[in-house]
Amino acid sequence: MQHFNVPQKVIQSRGFIKSNAMKYFFMRYGQLEKANFPIKTKENVVCGLLLIFSLILSYMNVELVPLSLFGITCNGWLAILSIFVSFFTTIICTAPVIGRITPVHRWYLWFVHYGIFRVCEALDWCTGTNKHGYIMHLTAPKLLGYGYVSTEQMDNMCSLAIVRNPYSRMVSIYGYNRFGEGESFSAFMRRWKKGMRHYLERDEKEDWYTPCHYLPMFEYTHFNGKQLVQSIVKQEELKLLKTKEGAEEAAKMDNSVSDLPDIVRDALLGMPHTNSRKTGLKWYDFYDQETMDLCYEMYKMDFTVFGYSSAIKERHDLMPPRQVRRDALGASKFDKWSRNSYIGSSGLRESQANLLGSVKSSVRKEMYRRASTTTLKESLIQLNKDEILAAVAGIRTMSTVEGSEDGGSRRSSEKED
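Keep in mind the model is a prediction, meaning the values are calculated, not measured.

Participant: Help me understand the packing of helix α9 (residues 166–177) against helix α15 (residues 289–305) in this model?
Facilitator: Geometry of a packed helix pair, given as the angle between the helix axes and the separation of the axes. Two elements in contact, α9 and α15, have axes separated by 9 Å at closest approach and are oriented at 115 degrees. As α9 runs across α15, the sense of the crossing is right-handed. Mapping the contact onto sequence places Pro166, Tyr167, Arg169 and Met170 in α9 and Met292, Cys295, Tyr296, Met298, Tyr299, Asp302 and Phe303 in α15. Tallied by class, the residues present in the contact of α9 with α15 amount to nine nonpolar, no polar and two charged.

This is the structure we're talking about:
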């Protein structure tokens, strides 16, 4: 979006209210890319000034409005408002809290996303946010099912997905969603798996149950084993497109960028690397045997569908996850991932309209079915003690027992990190 100046194009194409709403959306999105709990923000500057102003008025015994509510003066309410807005934008409205604490996530969806944020959507650019969540985070099946992209558009346009090694992706997710420096990678991984339980147990992909960052990558590109996105590129191979000369050489090799449509290759050529966060370790140094096994268990289909090795070549001290051989058969329903999935036996691109039409109806049908399985009241008041405790960094509340291949079990004792 940054490379092609999408934010500015969206803002300029809106009216006064929506343009300012989208301007705030992109500003806020940028803040969360830089810090999990952003402190140096415009909101906090304004709130700080309001708080100081209210304290000065109180010290001078001057009231803006000579009225009180619940025994609190106007100056008092001004101070409370400034503190609340600062706390809400700095702590509550952040990826770790909204994305990982289910009760907060659901209340946030209902009272913020479903109502206020409908003004922050740009369906023509597939960005912004509305009742279905962050539009640019929607999977290809959801884009079709919700009607944001028509079957004709999906069938005729050059669609693209960029995937990455699940191990390195998990470290990136950790950096973006951890509660703070005190939360270790191993503790984060165990809690992350617990947060995925609706998906792992019931294949729930709706944002109400499973926030977008939890979903495996193949859920964004495939539906019922069929690839919906025309072109899939591995992030690790984007470096081959840094220059035009490199792109020409890449076309002669066997990689995910070798046979891209010209329009896609030209769009990716020279793409800058943004939104990166510096860490003191390489991504592979974050892992031990337990976290490696957990990552594979959660995202095992991504390894098979996109052809990633279950081993970490930089870590000879770690063994491939135990489930590798057993789970290899589980991906048999998937077409082998390919940049040529839209190419027929004649060598020409075949229409996928029939498949895309069935995807649209299936997603909508499933969405309505799941929405009717629980009442709104039950959903809004559902609290989980373990989910709330997970907000406290370094504390684990349950033991996990996993079956091994020989019928035994491995137990990871729970303690403070």
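That was the structure; now back to the text.
Participant: What am I meant to see in the pairing of strand β9 (residues 231–234) here?
Facilitator: Walk down a regular strand and you will see the side chains alternate between the two sheet faces. Of the two faces of β9, both are covered, the one formed by Ser231 and Val233 as well as the one formed by Ile232 and Lys234. For strand β6 (residues 160–163) and β9, the ladder comprises four bridges, and the chain directions are parallel. In the sheet register, leucine 160 faces β9, and the bridge partner there is serine 231.

Participant: Before we go on, may I ask you to explain the sheet that holds strand β5 (residues 133–134) in this structure?
Facilitator: Across a sheet, strands are paired by hydrogen bonds formed along the backbone, either parallel or antiparallel in direction. One open sheet holds the three strands; their spatial order is β3-β4-β5, and the pairing between them is antiparallel. Since the sheet does not close on itself, it has two edges, and those belong to β3 (121–122) and β5, each with one partner. Inspection of the sheet shows β3 paired to strand β4 (residues 127–130) by two bridges, in the antiparallel sense. When the bridges of β4 are listed, glutamate 121 appears paired with glycine 128. Against the sheet, helix α2 (residues 16–34) engages β3, β4 and β5, with an angle of about 100 degrees to β4.

Participant: So what exactly am I meant to see when it comes to the pattern of salt bridges here?
Facilitator: Following the criterion strictly, the structure yields eleven salt bridges and no others. Of the charged contacts, one joins glutamate 290 and arginine 190 as a salt bridge, the two residues approaching to 2.7 Å between their closest N and O atoms. Note that glutamate 290 is positioned in helix α15 and arginine 190 in helix α10 (residues 185–195), a separation of 100 residues in sequence. The class of glutamate 290 is partly exposed, set by a relative accessible area of 28%. Residue classification places arginine 190 among the buried positions, given a relative accessible area of 10%. One salt bridge connects glutamate 204 with arginine 202, and the closest N-O pair in it is separated by 3.9 Å. Judged by relative accessible area, which is 42%, arginine 202 ranks as partly exposed. Several salt bridges converge on common partners, so that one network encompasses Arg100, Glu183 and Arg191.

The rules behind these values
- Residues numbered from 1 in each chain as written.
- Predicted model: local features only at pLDDT ≥ 70, side-chain atom pairs only at ≥ 80, totals over all residues.
- Heavy atoms only, no water.
- Axes fitted to C-alpha atoms, helices over the stretch in contact; angles between N-to-C directions.
- Helix = DSSP H or I, 4+ residues; strand = E, 2+ residues; numbered from the N terminus.
- Left-handed = near helix turned anticlockwise from the far one by under 90°.
- Contact = heavy atoms within 4.5 Å.
- Nonpolar A, V, L, I, M, F, W, Y, C, P; charged D, E, K, R; others polar.
- Buried < 20%, exposed > 50% of the residue type's maximum accessible area, 1.4 Å probe, protein only.
- Pairing = 2+ DSSP bridges.
- Salt bridge = Lys/Arg side-chain N within 4 Å of Asp/Glu carboxyl O.

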